[in-house]
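The primary structure of each chain is shown beneath.
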Amino acid sequence: MENILKKEKNKPIGIFDSGLGGLTAVKAIKKLLPHEDIVYFGDTGRMPYGTKIEKKIISYANQDINFLKSKNVKMIISACGTVSSYVKQLNTPELITGVIKPSCQSAANLTKNHKIGIIGTSATIKSNAYIKELHKICPDAKIIQQDCPLLVPLIENGFTDKSSDMLCKAVNIYMKKFIEEKVDTLILGCTHYPIIKDVINDALGGRVNLINPGEETAKFIKKHLEENNLLSEKSGPGTYNFFISKETYDFSEKANLFLGYNIQKNTQRIDIHKY
Ligand code: DGL
C-alpha cells in the first residue's frame, strides 16, 4: 500500500485550459508547490471556449481530460472558469476544479461593503455558477456580473498591457458598472484575466480587491494534496511539460513572457481530436 501511494505521489499534476489562462495557476503552483511535476494542456486550436455552447464546452473538456489521463497524472485540474462552470454536466469524477468555490470564499472573506463583482466569459456568466456559489457563502451580498467576451481573444493575441488602446477601452467599458455600483471586491472569473490585472486595477482606480482564480486554484491544489497525502516526495524542482493543439511558436513566446522562463523546449503540439 505504502509503495502504491509513493508511486501515486510522484506522478505529475494534470492541468488544462483553453489556452494561456491556466498558466496563471501554473505560475502560482510553481511558487507554492515547487517539487510537483506538471503536465499542462492548452487547447489553443479551439479557444475561446467562453463563446461556445454548453454541449461544445463539455465535449472539448472531455477530450482535454482524456488526453491528461493518457499522461498518467495523479489528478486533473480544470484551470478554466468556463469549464468549471459546467463541471456538474461533465460527469467525470476524476476532474477537480479549484476555480469557483475558492475564489468565492476569498471574495466573501475580503469584502467589507458586501458588494461583489464577477467578470467572466459569456458562457460562465450565463451559467450563474459564481452567483450560486456566492449566494451560499454570503447570502446578503449584492452581486453584479459582467461578461467580457473580448478579453480572452485580446489576451491570446498578445494585447496584455497598458500600451494597447484596444484592451484599455474594452476594460474601461466592462468596468463601468462596478464603479457605479461601488463594488469593493471583483472576482476575475476567468483564469486569463490575471494576465491583465494591472489594466483592470487601473480602470478601477486601484480601490478594488481583485481575486485571482489562478492563485486560488494553486492554494486549493496544495490543500487537496496535503489532505490526501499526495504531495510529491521529490526534492528537486518539478518538471513542466506543455501540450497545445495549435502552433507551438506563438504559445511559447507568450507563455515565456508571462511565466518568466523559456518553455519552448518543453512544448509539443498534439492532435486533441484523437482523444
Ligand atoms: N481561461 C478560460 C476561463 O477561465 C478562458 C475561456 C475561453 O477560452 O473563453 O474561462
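Whatever comes next refers back to the structure up there.
Residues numbered from 1 in each chain as written. Predicted model: local features only at pLDDT ≥ 70, side-chain atom pairs only at ≥ 80, totals over all residues. Heavy atoms only, no water.

Novice: An account of the overall build of the chain is needed here, citing residue identities and associated values.
Specialist: Of the regular secondary structure elements, the chain holds 13 helices and ten strands. Computed over its C-alpha atoms, the radius of gyration of the chain comes to 18 Å, within 12% of the 19 Å expected for a compact globule of 275 residues. With respect to the principal axes defined by its C-alpha atoms, the chain has extents near 55 × 40 × 35 Å. Put simply, of all contacts in the chain between residues at least 6 apart along the chain, 76% involve residues at least 24 apart. The distance from the centre of the 38 positive side-chain charges to the centre of the 29 negative ones in the chain is 2 Å. (Helix = DSSP H or I, 4+ residues; strand = E, 2+ residues; numbered from the N terminus. Rg over C-alpha atoms; globule rule 2.2 N^0.38 Å. Contact = heavy atoms within 4.5 Å. Lys, Arg positive; Asp, Glu negative; His and termini not counted. Charge placed at Lys NZ, Arg CZ, Asp CG, Glu CD.)

Novice: Tell me about the packing of helix α6 (residues 100-110) against helix α8 (residues 129-137), residues and numbers included.
Specialist: For the pair α6 and α8, the least separation of the axes is 9 Å and the interaxial angle reads 50°. In terms of axis orientation, α6 runs oblique to α8. As α6 packs across α8, the resulting crossing turns out to be right-handed. The segment α6 lies against α8, with I100, K101, S103, C104, Q105 and A108 engaging A129, Y130, E133, L134 and I137. Its residues assigned to classes, the contact of α6 with α8 shows seven nonpolar, two polar and two charged. (Axes fitted to C-alpha atoms, helices over the stretch in contact; angles between N-to-C directions. Parallel < 35°, antiparallel > 145°, perpendicular 65-115°, else oblique. Left-handed = near helix turned anticlockwise from the far one by under 90°. Nonpolar A, V, L, I, M, F, W, Y, C, P; charged D, E, K, R; others polar.)

Novice: Run through the site of the ligand, naming residues and quoting values.
Specialist: What surrounds the ligand is a group of 13 residues, the closest being S18, Y49, G81, T82 and H192. Here an oxygen atom of the ligand and a backbone polar atom of G50 are 2.7 Å apart. Considering only residue class, the shell around the ligand consists of five nonpolar, seven polar and one charged. (Near = heavy atom within 4 Å. Polar contact = N/O pair within 3.5 Å; in protein donor to acceptor, adjacent residues only side chain to side chain.)

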